[in-house]
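Okay, here's what each chain looks like letter by letter:
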Amino acid sequence: MARRSKVVANFDEAVAGIQDGSTIAFGGFALPGSPFNLTAALLRQGAKRLVCVGNTTGGPRKPRNPDIGMLVENGQVAKVICSFTAAPRASDVLPFTPYYERGEVDAETVPQGTLAERLRAAGAGIPAFYTPTAVGTELAEGRETRVINGREYLLEFALPCDVALLRCYQADEAGNLRFRRAQRNFGPIMAMASKLVIVEVEEPILPAGAIDPDDVHTPGIIVHRLVHIPPAPDAIWPTLKESR
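Residues numbered from 1 in each chain as written. Predicted model: local features only at pLDDT ≥ 70, side-chain atom pairs only at ≥ 80, totals over all residues. Heavy atoms only, no water.

Q: Is there a simple way to explain the sheet that holds strand β11 (residues 194-201) in this structure?
A: By way of backbone hydrogen bonds, the strands of a sheet pair with one another, either parallel or antiparallel. Pairing within the open sheet is parallel, and its seven strands lie in the order β4-β3-β2-β1-β8-β11-β12. What marks the edges here is a single partner per strand, and that holds for β4 (106-109) and β12 (225-228). Neighbour-to-neighbour, the strand axes of this sheet turn through a mean angle of 20°, independent of strand direction. When strand β3 (residues 77-84) meets β4, the two strands line up parallel, connected through four bridges. Residue pairing in the sheet places C82 in a bridge with T109 of β4. Sitting on the sheet, helix α5 (residues 112-124) touches β2 (50-56), β3, β4 and β8 (161-168), and the angle it makes with β2 is about 130°. (Pairing = 2+ DSSP bridges. Helix = DSSP H or I, 4+ residues; strand = E, 2+ residues; numbered from the N terminus. Axes fitted to C-alpha atoms, helices over the stretch in contact; angles between N-to-C directions. Contact = heavy atoms within 4.5 Å.)

Q: Help me out: how do you make sense of unusual backbone geometry in this one?
A: Excluding glycine, residues mostly have negative phi values, and the peptide bonds linking residues are mostly trans. Residues A232 and P233 are joined by a peptide bond in cis, for which omega reads 10°. The topology assignment puts P233 in the segment after β12. Positive phi, normally seen in glycine, also occurs at R49, with a value near 55°. By secondary structure assignment, the location of R49 is in the loop between α2 (36-45) and β2. Positive phi, close to 80°, is recorded for A134, a residue that is not glycine.

Q: Mind showing me how you'd approach the sheet that holds strand β7 (residues 151-157) here?
A: The three strands lie next to each other as β5-β7-β6, forming an open sheet whose pairing is antiparallel. Looking at strand neighbours, the two that pair on one side only are β5 (128-131) and β6 (145-148), the edges of this open sheet. The average undirected angle you get between the axes of adjacent strands in this sheet is 40°. Summarising the sheet, β6 and β7 pair through four bridges and their orientation is antiparallel. The residue bridging R146 from the neighbouring strand is Y153, located in β7.

Q: Would you mind going over the pattern of salt bridges with me for this structure?
A: Side-chain pairing between opposite charges can occur once the charged atoms of the two side chains come close. Taken as a whole and judged by the stated rule, the model has 11 salt bridges. Where R143 meets E156, a salt bridge forms, and the shortest distance between an N and an O atom there is 2.9 Å. You can see R143 sitting in the loop between β5 and β6 and its partner E156 sitting in strand β7, a full 13 residues away along the chain. K195 is paired through a salt bridge with D162; the nearest N and O atoms lie 3.8 Å apart. Residue K195 is found in strand β11, and its partner D162 is found in strand β8; the two are separated by 33 residues along the sequence. A residue is classified by how much of its surface remains accessible, and D162, at 27% relative accessible area, is partly exposed. Taken together, the salt bridges that share partners define one network made up of R64, D67 and E73. (Salt bridge = Lys/Arg side-chain N within 4 Å of Asp/Glu carboxyl O. Buried < 20%, exposed > 50% of the residue type's maximum accessible area, 1.4 Å probe, protein only.)

Q: How should I be thinking about α2 in this particular structure?
A: Helical geometry note: an α-helix holds 3.6 residues per turn, so side chains three or four residues apart project in the same direction. Among the 10 residues of α2, eight are classified as buried, and the element is accordingly described as predominantly covered. Within α2 the residues assigned to the buried category are F36, N37, L38, T39, A40, A41, L42 and L43.

Q: For this particular structure, what's the right way to read α5?
A: Relative to the 18 Å expected for 13 residues at 1.5 Å per residue, α5 spans 18 Å between its end C-alpha atoms, a close match to the ideal helical length. Where α5 ends, the next residue or the one after it, G125, has phi of about 80°, a positive value. (Expected span 1.5 Å × (residues − 1).)

Q: Can you walk me through the nonpolar core in this structure?
A: Nonpolar side chains tend to gather and get buried jointly when the protein is soluble and globular. Counting 31 residues, the largest nonpolar core has I18, L42 and L165 as its most contacted members. Every element with two or more residues in this core is listed here: α1 (11-14), β1 (23-26), α2, β2, α3 (68-73), β3, β8 and β11. For L42, the contacting residues outside a window of four places in its chain are V15, I18, I24, F26, A47, L50, L71, Q76 and L165. Residues A25, L119, A171 and L226 belong to the second largest nonpolar core, which totals 25 residues. (Core = buried A, V, L, I, M, F, W, Y, C linked by side-chain atoms within 4.5 Å.)

Q: In this structure, what is going on with the packing of aromatic side chains? I would like to understand it.
A: Under the definition given, this model contains one aromatic pair. If you follow R102 out to its NZ or CZ, it ends over the ring of Y99, 4.8 Å from the centre. In this arrangement the basic side chain of R167 is found over the ring face of W237, its NZ or CZ atom lying 4.9 Å from the centre. (Phe/Tyr/Trp six-rings, centres within 6.5 Å; stacked < 30°, edge-to-face > 60°. Lys NZ or Arg CZ within 6 Å of the ring centre and 35° of its normal.)

And the structure:
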């Protein structure tokens, strides 16, 4: 029996079938690994009441690239789970912020390392874990803690996702992925944590087996859809931000 191809023709086909109410992990560490084209396709697709998981909702940079903040503006998001739900500079305002302040969308702030570990735990089948991060802060108020070997730890739960939208440097037709530099910060663990993994790929997609197994960061067995990113202007590529 011939193996069904994981390569799809375009970004709209790649996000087809994402359902209302889905929990979606968005790859990216600032610009590297951010799935701009898949996010733009999700804007067009229109799924509602989404729970969006990512390092950030998107920044105030211009020109803007598609991000969680745009999905919020489009009325598609019920909640975000992010490490940065506010801008690191007081002079900046994230597009997401006024929607949260008006109560139109919920937000859960999760320390960056804890976010990564919650995703990794979901992929590893670990339901919960204890961490010293956030103990004694507002994030720990009303939550379970436990003293282990004389130190207090906060209980955190795994964060399974329905869908991961990722961007990687290289892939083969079997779905084996290679991430480049900071793309790797969240890409592999988000893939592990998700039921449906959709990836936009920067380089032309290679024949199955063309990537040395020692160079594979995410195995194809957990990857479902691949789409090659065409050159600009037919697709979105990172651009330099305007000076402040």
